[in-house]
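If you want the building blocks of each chain, they are given just below.
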Amino acid sequence: MRVARLDETDWLVNNYTSGLRIREGEMVRGGGGFYPPDADLAGLADGEVPADCEGPAVQLHDIAKFDPSKPDGIPDPPPPPPPAPSAQDTLLSQAFDEHWGGQRWPRRMIRNVADPREAMFTYVLETYEGREGDMRSHICLRGADRDLLARLSHRFGPLYPQADCSWSGPGVVLTANGESAMYIDARIDCSGNRGFCAGSGGATYGNLGAEHGSYRLRRKGGGYEIEKLGVSVIS
């Protein structure tokens with residue numbers, strides 16, 4: 001068993017033997033009962049009980065989720081897990097790892113954005129915009145459709161579709177004039193009903209100039225809160 005926080009407020013209990021995962025606020029059914037007030041809790045728990053753990057102690061067994069809206073109380077089965085990421089998709093795979101224990105950067109809010117991929121593009125563009133000397137004279141967005149390109153251009157100035165950039169020797173250029181440029185990538189996977197989307201994004205501007213990171217995106221109000229994880233690939 002493992003008890004962990006999903007974020008600052010919600011808890012998750014994960015039974016690795018049965019595969020049962022219970023989120024805070026979900027109803028459960030099972031057997032058990034209250035221990036007497038003078039029970040040896042440290043002995044029952046096989047360890048010291050935290051000082052802030054208050055209230056009567058309860059033994060529970062044969063726990064299962066309970067849905068009062070169903071005639072038999074048995075909730076619908078969870079959706080099948082998403083297919084495993086390919087070997088080339090390491091960053092998204094890392095973002096989906098619920099047991100990630102590495103470094104995390106402070107979360108950043110991207111406001112007034114309804115589409116998670118647009119939020120991921122915005123995060124990457126803001127990152128390079130805020131680093132003096134890193135923004136190339138021209139930026140091509142990989143895989144962005146016309147509407148997304150227009151919305152981001154309105155926010156950041158002229159941006160170009162992927163086809164307008166190309167490689168010239170060791171670097172990326174705007175094909176029309178040969179001036180230095182960079183590709184910006186943003187990938188999103190919101191499958192699996194995990195409560196967050198996995199993201200990867202970054203920039204490529206030369207054979208020895210590229211960096212991409214792994215992210216988690218959570219819907220907050222009218223935008224997305226994005227957390228960068230401490231895993232990246234660089235060239």
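Everything below is about the structure printed above this text.
Here the structure is a predicted model, which means the values were calculated and not measured. (Residues numbered from 1 in each chain as written. Predicted model: local features only at pLDDT ≥ 70, side-chain atom pairs only at ≥ 80, totals over all residues. Heavy atoms only, no water.)

A. Examining the side chain of Thr204 more closely. Here Thr204 lies in strand β12 (residues 197-206). In contact with Thr204, other than residues within four places in its own chain, are Arg142, Trp167, Val172, Met182, Tyr183, Asp185, Gly209, Ala210 and His212. (Helix = DSSP H or I, 4+ residues; strand = E, 2+ residues; numbered from the N terminus. Contact = heavy atoms within 4.5 Å.)

B. Summary view of helix α4 (residues 146-156). All of the buried residues in α4 are Leu148, Leu149, Leu152 and Phe156. Buried residues along α4 cover an arc of 100 degrees about the axis, so they all sit on one side. For α4, the exposed residues lying more than 90 degrees away from the buried face are Arg146, Asp147 and His154. Among the structural elements, α3 (116-129), β7 (138-141) and β8 (160-161) are those in contact with the buried residues of α4. (Buried < 20%, exposed > 50% of the residue type's maximum accessible area, 1.4 Å probe, protein only. Arc of directions from axis to C-beta.)

C. Region of interest: the side chain of Glu225. Mapped onto the secondary structure, Glu225 falls in strand β14 (residues 223-234). Within the structure, Glu225 has its side chain in polar contact with the side chain of Arg107 (distance 3.0 Å). Beyond its immediate stretch of four places on either side in the chain, Glu225 contacts Arg107, Arg108, Met109, Arg216, Leu217, Arg218 and Lys220. (Polar contact = N/O pair within 3.5 Å; in protein donor to acceptor, adjacent residues only side chain to side chain.)

D. Local environment of the state of the cysteines. Under the defined criterion, the tally for this structure stands at 2 disulfides. The side chain of Cys140 participates in a disulfide bridge whose partner is Cys165; the two sulfur atoms lie 2.0 Å from each other. Residues Cys140 and Cys165 are joined through a disulfide that is right-handed, its torsion about the S-S bond being 75 degrees. Of this pair, Cys140 sits in strand β7 while Cys165 sits in strand β9 (residues 165-168), placing them 25 residues apart in sequence. Linked covalently through their sulfurs, Cys190 and Cys197 form a disulfide whose S-S length is 2.0 Å. Taking the sign of the torsion about the S-S bond as the criterion, the disulfide between Cys190 and Cys197, at about 105 degrees, is right-handed. Cys190 gets classed as partly exposed once you look at its relative accessible area, which sits at 38%. The connectivity of the disulfides in the protein chain is 1-2, 3-4, where the numbers refer to bonded cysteines in sequence order. (Disulfide = S-S within 2.5 Å.)

E. Structural detail: a nonpolar patch on the surface. A cluster of nonpolar residues, Phe34, Val58 and Leu60, forms a patch on the protein surface that exposes about 340 Å² of accessible area. With respect to the element layout, Val58 can be found in strand β5 (residues 58-65). With relative accessibility at 40%, the residue Val58 sits in the partly exposed group. (Patch = residues over 30% accessible without salt bridge, like charges linked within 9 Å, V, L, I, M, F, W, Y side chains within 5 Å. Areas by Shrake-Rupley, 256 points an atom, 1.4 Å probe, with all protein chains shown as cover. Salt bridge = Lys/Arg side-chain N within 4 Å of Asp/Glu carboxyl O.)

F. Here's a closer look at α3. Across its 14 residues, α3 extends 20 Å between first and last C-alpha, which sits within 8% of the 20 Å expected from 1.5 Å per residue. Taken across its 14 residues, α3 has 10 buried, putting it largely inside the fold. Burial in α3 covers these residues: Pro116, Glu118, Ala119, Met120, Phe121, Thr122, Tyr123, Val124, Leu125 and Tyr128. (Expected span 1.5 Å × (residues − 1).)

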